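If you want the building blocks of each chain, they are given just below.
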Amino acid sequence: MSLVSIIKDFNYTYRGIRLYRSMLKNSCYWSKDKMEQYQFHKLKNLLLASFKGIPYYNELFNSIEFDPSRDFKSLSDLTRLPILSKDFVKKNKEIFINKTYLKNALNFKTSGSTGEPFEILVHPDQWVVEQGVVWRHWKWGGYNFRDPLAMVRSFVPPNQDTLWETNKITNFTYFSPFHLNDVNMAKYLEVMIRKKIVILRGYPSSILCLAKYIERTSHPIPKIKLILTASEVLTEQDRSIIEKAFRSKVFNHYGLAEQIVMMGDCERHEGLHNYDEYGYLELLDTDNPKVKRIIGTNLHNLTTPLIRYDTGDLAILADYPCSCGRTLPTIKNVIGRKDLCIKTTEGYEIPTTNFYTMLEHFQEIDRWQIIQHSLTNIEFVFSVKNITEQRMLNLEQEIKKRLHSNMSIILSPHGSFMQKNEGKFNPFISLL
């Protein structure tokens, strides 16, 4: 990361922390009326800007005779607009961009957990609010600035001898999630103890691997006060295993790269609070009265506003509001695809989430699937366009960095995708 990028990143984080102190620390206790007024104001501004600056929304609103300046009088009026599908946005992302707000826009790529990643431009204000609500979530768990933190996600080691490294500025130590066998997990825990790590953050599947190792071996553990999980579904069973092993509570987090809605659990751990200051959440019916579709509208992304966006995820309703006293709505959990792990002969379990983030950087890939045929045979199936031989070599090199030398890798740029589970498409299939 360049010095300019580091300075920009620090600036957004600082602004987010200031927003937390000035508003977000207390807004989670606002009355329902006050929060709805806040959301109405933000939505009105977003609808007006979209109507004026984005031809797609201008045509859509005119076609249903909806003028936001006249017809948006309450939050319920938003239901006059149709649901926006993820597939439509992916195929037509350019028509959702408001060129008036392109200056300083940030470019984000979705993780592609469905096998089809895409990019989105985000207004700086949306990113600042994201930093603020994430900081609040961490503070709920007791995080203090520069607490020693272990990160078990996204770190690709430069070689087999450097499986962790420490950022002295943030006091974060990054551990490779690609090398979670018994030998390395023992080393990871020893490093965490030596560095007096008190915060553990990572994919649920990675932290679960560590927890099960501790359970099997009774290995000494660091004095963890807070476990932060995100990016995968966390089941109640897995939460219980992790908390028992580390003798600490898990603070789970749900969000999307599209920055639509965001949720997290507080110190009571009675469900996930929706961050109403960040995105407008609608929970629409399914055949099961306890399960709802998650539909969201980002409140601050004037650059690429996604209005009534179907996230593709489902929420289980909570039986009761959280007893913490915060007025933010609570759901029990988010239902989604639980990430599986690639298994190796050495006993490694490699979370497939790590490959989603790598594949973001190959824009030539429209769709992908990982198929594990055996402990030593992995196939990567792609739908690609205009990919050069050099880019294919780069792709192969990046995949090999994340796997192990005795694994045979098959690249199938025009191969056949496999379907399981009544014809549903899964980005990862294990045939073990």
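On a predicted model such as this, the values are computed, not experimentally measured, just so you know.

What counts as what
Residues numbered from 1 in each chain as written. Predicted model: local features only at pLDDT ≥ 70, side-chain atom pairs only at ≥ 80, totals over all residues. Heavy atoms only, no water. Salt bridge = Lys/Arg side-chain N within 4 Å of Asp/Glu carboxyl O. Helix = DSSP H or I, 4+ residues; strand = E, 2+ residues; numbered from the N terminus. Buried < 20%, exposed > 50% of the residue type's maximum accessible area, 1.4 Å probe, protein only. pLDDT = per-residue confidence, 0-100. Axes fitted to C-alpha atoms, helices over the stretch in contact; angles between N-to-C directions. Parallel < 35°, antiparallel > 145°, perpendicular 65-115°, else oblique. Contact = heavy atoms within 4.5 Å. Nonpolar A, V, L, I, M, F, W, Y, C, P; charged D, E, K, R; others polar. Disulfide = S-S within 2.5 Å. Polar contact = N/O pair within 3.5 Å; in protein donor to acceptor, adjacent residues only side chain to side chain.

**Quick word on the pattern of salt bridges**
Within this structure, the stated rule accounts for 20 salt bridges. Put simply, D125 and R15 hold a salt bridge, and the shortest N to O gap is 3.8 Å. You can see D125 sitting in helix α6 (residues 124-140) and its partner R15 sitting in helix α1 (residues 3-27), a full 110 residues away along the chain. Relative accessible area serves as the criterion here: at 37%, D125 is assigned to the partly exposed category. When its relative accessible area of 33% is taken as the criterion, R15 is described as partly exposed. K249 is the partner of E243 in a salt bridge, and the nearest nitrogen-oxygen pair spans 3.7 Å. Since its relative accessible area comes to 15%, E243 is described here as buried. Look at K249 and you get partly exposed, because its relative accessible area is 44%. The structure contains a network of salt bridges with shared partners spanning R239, E243, K249 and D265.

**Thoughts on the confidence of the model for the chain**
Summing up the model confidence of the chain, the mean pLDDT is 90 and the portion of residues at 70 or higher is 94%. Within the chain, the element-level pLDDT minimum falls on strand β21 (residues 424-425), averaging 52, and the maximum on helix α2 (residues 32-53), averaging 98.

**Topic: unusual backbone geometry**
Of all residues except glycine, most have a negative phi; of all peptide bonds, most are trans. The phi dihedral of E65 is positive, around 55°, even though this residue is not glycine. Inspection of the secondary structure assignment puts E65 in the loop between α3 (55-63) and α4 (68-71). A positive phi angle, near 55°, is found at K196, a position not held by glycine. For K196, the location among the structural elements is in the loop between α7 (182-194) and β6 (199-202). Taking the relative accessible area as the measure of exposure, K196 reaches 63% and is therefore exposed.

**Considering the packing of α7 against helix α8 (residues 204-217)**
It is at 10 Å that the axes of α7 and α8 come closest, and there the two elements cross at 95°. As judged from the angle between their axes, α7 and α8 are roughly perpendicular. For the pair α7 and α8, contact is made by D182, M185, A186, L189 and M192 and by C209, L210, Y213, I214 and R216, respectively. When the residues that make up the contact of α7 with α8 are grouped by side-chain class, the tally is eight nonpolar, no polar and two charged.

**So, the packing of α2 against α3**
Between α2 and α3, the shortest axis-to-axis distance is 5 Å and the interhelical angle comes to 100°. The orientation of α2 with respect to α3, classified from their angle, is roughly perpendicular. Between α2 and α3, the residues in contact are L47, S50, F51 and G53 and P55, Y57, N58, F61 and N62, respectively. For the contact of α2 with α3, the per-class residue count stands at five nonpolar, four polar and no charged.

**Details of the state of the cysteines**
Evaluated as defined, the whole model comprises zero disulfides. Just so you know, C209 is unpaired, no disulfide at all, and the nearest cysteine sulfur is the one on C341, 4.9 Å from it. The exposure class assigned to C209 is buried, which follows from its relative accessible area of 7%. Exposure remark for C341: the relative accessible area of 14% places this residue in the buried category.

**Structural notes on the side chain of T297**
Position of T297 among the secondary structure elements: in strand β12 (residues 291-298). A distance of 2.9 Å separates a polar atom in the side chain of T297 from the backbone nitrogen of R308.

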